Amino acid sequence: MNRLMIFLDAIRDHLDSYQLPPAASVDVNAWSSPITVQLDVDGLPEVSRALLVWTQTLEDVSARLWRLVDGRWVHLSISGRTPCGIPVVVFGVVRFEPSTFPDLPAGAKQDMPVYLLRGWSSPGEVAA
């Protein structure tokens, strides 16, 4: 079986096995990993909650912020592995707010602790 079929089967099985938030797109590429899932939710609380749901289904989870070069949007992402070992990145996009992301210049990427997603999943929360 070729690599593309393995990745397709793995993500299909993962999506079937869990009640996951809606996805806008799933990118499966045989030449590069990981599988990339873009969430179909809006707003910081909703994106954070959706990413938290995914963290419960993956192993070796880490989180990251990326403020786009235009400065208006921030990608929140998690990466991990499905239980069968396939690497996955899940991300959502939120509007940049200086009070939430005070030390994130345009174009910057930063690792972040996963627990920040818990705080942001409730409306009105800001970075510590």
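Structural data are supplied above this passage.
Fair warning: this is a prediction, and the values are worked out from it, not measured in the lab.

1. Brief notes about the overall build of the protein
Here is step 1: A count of helical and extended segments in the protein gives three helices and six strands.
Here is step 2: A compact globule built from 128 residues would reach a C-alpha radius of gyration of about 14 Å, and the protein, at 15 Å, matches this within 12%.
Here is step 3: Seen along its three principal axes, the alpha-carbon backbone of the protein occupies a region of about 50 × 25 × 25 Å.
Here is step 4: Within the protein, buried positions represent 41% of all 128 residues.
Here is step 5: Considering only contacts in the protein between residues 6 or more positions apart, those separated by 24 or more positions represent 54%.
Here is step 6: Here the protein contributes 10 positively and 14 negatively charged side chains, and the mean placements of these two sets differ by 5 Å.

2. What about the sheet that holds strand S2 (residues 35-39)?
Here is step 1: Sheet architecture is open: six strands sit in the order S1-S2-S5-S4-S3-S6, paired in mixed fashion. The sheet terminates laterally at strand S1 (23-27) and strand S6 (109-112), the two strands that pair on one side only. Here the average twist between neighbouring strands, direction ignored, is 20°.
Here is step 2: One ladder, built from four bridges, connects S2 with strand S5 (residues 87-95); its direction is parallel. Each residue of the ladder has a partner; that of Val-37, found in S5, is Val-90.

3. A closer look at the environment of Leu-39
Here is step 1: Within the secondary structure, Leu-39 sits in strand S2.
Here is step 2: Sequence spacing of Leu-39 and Gly-119 is 80 residues, and the spatial spacing of their C-alpha atoms is 19 Å.

4. Let's talk about unusual backbone geometry
Here is step 1: Even without glycine at this site, Asp-60 takes up a positive phi of about 55°.
Here is step 2: Relative to the helices and strands, Asp-60 is located in strand S3 (residues 59-67).
Here is step 3: Asp-60 sits in the exposed class, given a relative accessible area of 67%.

5. What to know about the packing of aromatic side chains
Here is step 1: In total, this model carries two aromatic pairs according to the counting rule given.
Here is step 2: Aromatic pair Phe-101 and Trp-120: ring centres 5.4 Å apart, planes at 65°, arrangement edge-to-face. Of the two residues, Phe-101 sits in the loop between S5 and S6 while Trp-120 sits in helix H3 (residues 115-120), which places them 19 residues apart along the sequence. Note on accessibility: Phe-101 and Trp-120 belong to one class, buried.
Here is step 3: One aromatic cluster in this structure is built from Phe-96, Phe-101 and Trp-120.
Here is step 4: The positively charged end of Arg-67 is found above the aromatic ring belonging to Phe-96, 3.5 Å away from the centroid.
Here is step 5: The side chain of Lys-109 reaches across the aromatic face of Trp-66, ending 4.7 Å from its centre.

6. Re the side chain of His-75
Here is step 1: Among the structural elements, His-75 can be located in strand S4 (residues 73-81).
Here is step 2: Given the relative accessible area of 16%, His-75 is considered buried.
Here is step 3: Excluding its chain neighbours within four sequence positions, the residues that come into contact with His-75 are Arg-64, Leu-65, Trp-66, Leu-68, Phe-91, Gly-92 and Val-93.

Cut-offs applied
Residues numbered from 1 in each chain as written. Predicted model: local features only at pLDDT ≥ 70, side-chain atom pairs only at ≥ 80, totals over all residues. Heavy atoms only, no water. Helix = DSSP H or I, 4+ residues; strand = E, 2+ residues; numbered from the N terminus. Rg over C-alpha atoms; globule rule 2.2 N^0.38 Å. Buried < 20%, exposed > 50% of the residue type's maximum accessible area, 1.4 Å probe, protein only. Contact = heavy atoms within 4.5 Å. Lys, Arg positive; Asp, Glu negative; His and termini not counted. Charge placed at Lys NZ, Arg CZ, Asp CG, Glu CD. Pairing = 2+ DSSP bridges. Axes fitted to C-alpha atoms, helices over the stretch in contact; angles between N-to-C directions. Phe/Tyr/Trp six-rings, centres within 6.5 Å; stacked < 30°, edge-to-face > 60°. Lys NZ or Arg CZ within 6 Å of the ring centre and 35° of its normal.

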